[in-house]
Amino acid sequence: MRILSGIQPSGSLHLGNYFGMMKPAIELQDKGQAFYFIANYHSMTSLFDPAERRQNTLDVALDFLACGLDPKKSVFFRQSDVPEVTELTWMLSTVTPMGLLERCTSYKDKIAKGLSPYHGLFAYPVLMAADILIYDSNIVPVGQDQKQHVEVTRDIAIKFNEQYGETFVIPVPQIRSEVAKVPGTDGEKMSKSYGNAIEIFGDEKALRKKAMSIIMDSRTPQEPKPDAGQNLAIQILKLVAPPGAAADYEDRLRAGGLGYGDLKKALFENYWHYFAAARAKRAELVNNLDYVNQVLADGAAKARGVAQIVLKRARTACGLE
C-alpha cells in the first residue's frame, strides 16, 4: 500500500495541519510505503514572496521531522525537486473537463475570502491529481476540505485511463472524521489564510495570547452550558488533553461554574505540554540543518525514481513516446 500526502509551506503549521494531516500521516508510516512532500508549487497560488517560501519550506521540514516523521520509514521531499510532476499536470489537464474544476468548492471558498482568481488557483486540483497519480498512490489521507480534490483526482485518472488505456492507479481518500475539521479561534476552520490559527511551534507568550483569544459567548460562568460540546475551546481540548480531562471540563462547563478564562488557560497548558517533546526535537534539528537538507535530497531521489517510471508509462500510453 502506497500512501501519499502533501502540505503547503504557506505559513507556520498549526493544530489544524497537525491533527488533520500530519498526525494521521505519521501514524501511517508503519502501515505502508509513505510518500510525503512539501507542496511548494501549490504555495505559489497564495504566497508571492520567494524568501518567505524558502523559509516556510525549511520550517515545514523541521516541523514534520520534529513531530515524528521518520525518513527511514517515509520518503520525504520537496515537491519542486520532482519536476516530472509538472509535465504530468499538463498531460492530465488535456482530459480534465472545465465543469469538473468549476464545481470545486475550495476554489469558490478561496475567492469568497478575497484571493485573486488566478489560473493556478483554479487548476490547483489538476496539479494535486498529478502529485497523487505520479507515485501510484493507493491511499491519500486528507482533511474533509480536500476530500473533493481526491475525488477529482479519481475522475481525472479514470478519464485518462478510458482515453489511453489503463495507466494510473485509482486512489482512495482516507479521512478521520473526528479530527477532519479543527476549529480556529473564531469558529471557522483553522487556517493560516483566515488568521485564526494556533501554531504548533512558536513563542510561548504569543501562543498563549492566541489561545486566550478564542471567541466565546456572553454567558456568565455560573450559567449552565447545555451546548458545552460545541464550545471551541472544548473541541480543541479534546485533541490535546489526556483521556478524560476534556470530558471533565466539558461536564463542568455544562453544569455551570467554570469560567471561560479558566477553560482557555487549561486548554493552553494542555496544548503546550502536548508538543513539549516535539519542541525539544525541533531545537536539535535547527542546529543540524545539513541533516535536514540531506533527508530532503535523499527523499527527492527516491521519489523521482518512482515518478519517472509512472511518467514514462503515461507518455507511452498517450503517444508522446
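Now for a quick tour of the structure. (Residues numbered from 1 in each chain as written. Predicted model: local features only at pLDDT ≥ 70, side-chain atom pairs only at ≥ 80, totals over all residues. Heavy atoms only, no water.)

So, about the packing of aromatic side chains. The full count for this structure, using the stated rule, is 17 aromatic pairs. For the ring pair Phe64 and Phe76, a centre distance of 5.5 Å and an interplane angle of 45 degrees mean the geometry is tilted. With Phe64 in helix α2 (residues 50–67) and Phe76 in strand β3 (residues 74–78), this residue pair connects regions lying 12 residues apart in the sequence. One exposure class covers both Phe64 and Phe76, and it is buried. Taken together, the ring pairs connect Tyr18, Phe19, Phe268, Tyr271, Trp272, Tyr274 and Phe275 into an aromatic cluster. The ring of Trp272 carries Arg279 above its face, with NZ or CZ at 3.6 Å from the centroid. (Phe/Tyr/Trp six-rings, centres within 6.5 Å; stacked < 30°, edge-to-face > 60°. Helix = DSSP H or I, 4+ residues; strand = E, 2+ residues; numbered from the N terminus. Buried < 20%, exposed > 50% of the residue type's maximum accessible area, 1.4 Å probe, protein only. Lys NZ or Arg CZ within 6 Å of the ring centre and 35° of its normal.)

In the Ramachandran plot, Asp136 falls in the positive-phi region, its phi being about 50 degrees despite a non-glycine side chain. Its location among the elements puts Asp136 in the loop between α7 (124–133) and β4 (139–141).

This next bit is on empty space enclosed by the protein. Tallied over the full model, the rule gives 3 cavities of 30 Å³ or more. In this model, the second largest cavity occupies a volume close to 40 Å³. Lining the second largest cavity, in full, are Ser106, Tyr107, Lys110, Leu121, Tyr124, Pro125 and His149. Those elements that place two or more of their residues in the lining of the second largest cavity are α5 (105–112) and α7. The element best represented in the lining of the second largest cavity is α5, accounting for 3 residues. (1 Å grid on protein atoms, 1.4 Å probe; cavity = no way out; pocket = protein on both sides within 12 Å on 5 of 7 lines; lining within 4 Å. Points joined across faces, edges and corners; volume = space filled by probe spheres on them.)

With that settled, the discussion passes to the pairing of strand β1 (residues 2–7). In terms of burial, β1 is largely enclosed, as 5 of its 6 residues are buried. With 6 bridges joining them, β1 and strand β2 (residues 33–38) adopt parallel strand pairing. By the bridge assignment for β2, Arg2 is matched with Gln33. Between the parallel pair β1 and β2, the chain is carried across by helix α1 (residues 15–27), and the sense of this crossover is right-handed. (Pairing = 2+ DSSP bridges. Right-handed = clockwise from strand over helix to strand, strands pointing away.)

With their axes 9 Å apart at the nearest point, helix α10 (residues 232–240) and helix α12 (residues 260–274) run at an angle of 25 degrees to one another. Judged by the inter-axis angle, α10 sits roughly parallel to α12. Considering only the axes of α10 and α12, their crossing is left-handed. Across the interface between the two elements, Ala233, Ile234, Ile236, Leu237, Leu239 and Val240 from α10 touch Leu263, Ala266, Leu267, Asn270, Tyr271 and Tyr274 from α12. Among the residues forming the contact of α10 with α12, the class breakdown is 11 nonpolar, 1 polar and no charged. (Axes fitted to C-alpha atoms, helices over the stretch in contact; angles between N-to-C directions. Parallel < 35°, antiparallel > 145°, perpendicular 65-115°, else oblique. Left-handed = near helix turned anticlockwise from the far one by under 90°. Contact = heavy atoms within 4.5 Å. Nonpolar A, V, L, I, M, F, W, Y, C, P; charged D, E, K, R; others polar.)

Moving on, we come to the side chain of Gln79. Inspection of the secondary structure assignment puts Gln79 in the loop between β3 and α3 (84–93). Look at Gln79 and you get buried, because its relative accessible area is 2%. Here the side chain of Gln79 touches Tyr41 through a polar contact of 2.8 Å, landing on its backbone nitrogen. Aside from chain neighbours lying at most four places away, what touches Gln79 is Phe37, Ile38, Ala39, Asn40, Tyr41, His42, Val85, Leu127 and Asp131. (Polar contact = N/O pair within 3.5 Å; in protein donor to acceptor, adjacent residues only side chain to side chain.)

The interhelical angle for the contact between helix α9 (residues 204–212) and α12, taken along N-to-C directions, is 135 degrees, at an axis separation of 9 Å. On the basis of the axis angle, α9 is oblique to α12. Relative to α12, the crossing made by α9 is right-handed. On the side of α9, the interface is formed by Glu204, Leu207, Arg208, Ala211 and Met212, while α12 contributes Gly261, Lys264, Lys265, Phe268, Glu269, Tyr271 and Trp272. Counted by class, the contact of α9 with α12 contains 6 nonpolar, 1 polar and 5 charged residues.

Right, let's talk about the layout of surface pockets for a bit. Computed from the structure, the largest pocket encloses a volume of approximately 1,200 Å³. Contributing to the lining of the largest pocket are 45 residues, with Gln8, Lys110, Asp145, Gln146 and Lys189 lying nearest its centre. Looking at the lining of the largest pocket, the elements that each hand over two or more residues are β1, α1, α5, α7 and β4. When its volume is computed, the second largest pocket comes out at roughly 420 Å³. Within the residue set of the lining of the second largest pocket, elements represented by two or more residues are α3, α4 (98–102), α6 (119–122) and α7. Taken together, the residues that form the lining of the second largest pocket break down as 13 nonpolar, 8 polar and no charged.

For Leu58, the location among the structural elements is in helix α2. When the C-alpha atoms of Leu58 and Asn287 are compared, they prove to be 13 Å apart, with 229 residues separating the residues in sequence. The residues contacting Leu58, other than those within four sequence positions of it, are Leu289 and Val292.

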